[in-house]
Amino acid sequence: MVSNTKIIFAKIPTAFPVAGEHMLVEKSEIDIEAEIPQGAVLTKTLVLSVDPYMRGRMRDASIKSYSPAFPLNQPMSGHVVAQVIKSNNDKFVVGDLVYGLGSFAEYVLIPEAYTAYMEVRNEIKDSGLPISNYVGVLGMPGMTAYVGLIKFGKPVKGETLYVSAASGAVGQLVGQIGAKLGLRVVGSAGSDEKVAYLKEIGFDAAFNYKNGDIQENLKEHCPNGIDIYFENVGGKMLEAVINVANRFARIVCCGMISQYNTKDQEPIHNLMQVVAKSLEIRGFIVGDSPEMTEPFRKEVTAWLKAGDIKYREDIVDGIENTPEALIGVLRGKNFGKQVVRVADL
């Protein structure tokens, strides 16, 4: 028997979740030598991803959305890289590295029906890139950046791209892809240190949204207006962007983190400008664009290996620190992609 720590969703929050109340660390044991059912695999979690969208999964299961609610009193789940340590399934062999949606536990017995959520990614072993990259820049957040900007932003060389929450898991890659495509890239973040980082990785301009009026900052740093807005924040930020946006601008809605922990969401007062300026506001779910998976992986892997893009991660060690890591993301305390390192390969 070996120790097996799990992260349990215990209670639905009405505001910011609290570790020890809404998310619990549960200690248990598992016999990793025991026989496993036909078609099942037993995995050892190496890294797991905590992301803003998880706040939306902390809801009553009767409320439907694009991502299922976390079941109460069960392990939370998200994107992981894990190692197969026992297999009774022809599609997986011991030693395989797998990526996909997995339970937040040190060891996970995956029934045959749920192995469909995992894919073998053994190229991780020889890529020379950190395993953590595969739940970040080469995982769901990275593909979100790639799909959102290229497919829905429809960039044209010379246009101005503005990215909010630009130092986060998605935003930092959006900006760098935009620069590669010949856009003028402007970003905002919540500290001067994060702003300095954005300039280091190739943003043409950046500002701390906590300093001064947002709309005045946008006018200063986007003197030619905004053609593409990669939306991660919502609320007052979205309203200010609409005022500064050019005619025919594309607003690509990835997330609205400022609204996730509020009971009464902020209204947008200037939506008539969507008509007056012929704006396009488009929300998207990255999983709806599977055709872009292979181009994304090929291009971004090559850029990383060549040093053409940089990607900052905020790594915490120990699965027991997952609740605090997720809360930090929701409060904007992380600097870069938040990853929890559970075990070494």
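Structure's up top.
Calculation rules
- Residues numbered from 1 in each chain as written.
- Predicted model: local features only at pLDDT ≥ 70, side-chain atom pairs only at ≥ 80, totals over all residues.
- Heavy atoms only, no water.
- Salt bridge = Lys/Arg side-chain N within 4 Å of Asp/Glu carboxyl O.
- Helix = DSSP H or I, 4+ residues; strand = E, 2+ residues; numbered from the N terminus.
- Patch = residues over 30% accessible without salt bridge, like charges linked within 9 Å, V, L, I, M, F, W, Y side chains within 5 Å.
- Areas by Shrake-Rupley, 256 points an atom, 1.4 Å probe, with all protein chains shown as cover.
- Buried < 20%, exposed > 50% of the residue type's maximum accessible area, 1.4 Å probe, protein only.
- Pairing = 2+ DSSP bridges.
- Axes fitted to C-alpha atoms, helices over the stretch in contact; angles between N-to-C directions.
- Contact = heavy atoms within 4.5 Å.

Colleague: What is the right way to read the pattern of salt bridges from this model?
Modeller: In total, this model carries twelve salt bridges according to the counting rule given. Lys154 serves as the salt-bridge partner of Glu280, at 2.9 Å between the closest nitrogen and oxygen. Taken together, the residues span a long stretch of sequence, with Glu280 in strand E14 (residues 280–283) and Lys154 in the loop between helix H2 (140–153) and strand E9 (160–163) at a distance of 126 residues. Lys236 is the salt-bridge partner of Glu266, the closest N and O atoms lying 2.4 Å from each other. Linking Glu266 in the loop between strand E13 (245–253) and helix H7 (272–276) with Lys236 in helix H6 (residues 236–244), this pair joins segments that are 30 residues apart in sequence. Salt bridges sharing common partners tie together Glu119, Glu294 and Arg297.

Colleague: Please explain a nonpolar patch on the surface as it appears in this structure.
Modeller: Residues Leu101, Tyr114 and Tyr117 make up a contiguous nonpolar surface patch of about 340 Å² in total accessible area. Among the secondary structure elements, Tyr114 is positioned in the loop between strand E7 (107–110) and strand E8 (118–120). Given a relative accessible area of 52%, Tyr114 falls into the exposed group.

Colleague: What's the story with the sheet that holds E13 in this structure? I'm lost.
Modeller: In a beta sheet, neighbouring strands are held together by backbone hydrogen bonds and run either parallel or antiparallel to one another. Strand order in this open sheet of six strands is E11-E10-E9-E12-E13-E14, and the pairing throughout is parallel. The strands lining the two open edges of the sheet, one partner per strand, are strand E11 (205–208) and E14. On average, each strand axis in the sheet is inclined to that of its neighbour by 15°, with strand direction left out of account. Against the sheet, helix H4 (residues 192–200) contacts strand E10 (184–189) and E11, and its axis sits at roughly 175° relative to E11. Here H6 sits on the sheet in contact with E9, E10, strand E12 (226–231) and E13, set at roughly 150° to E13.

The values reported here are purely geometric and, on their own, carry no functional implication.
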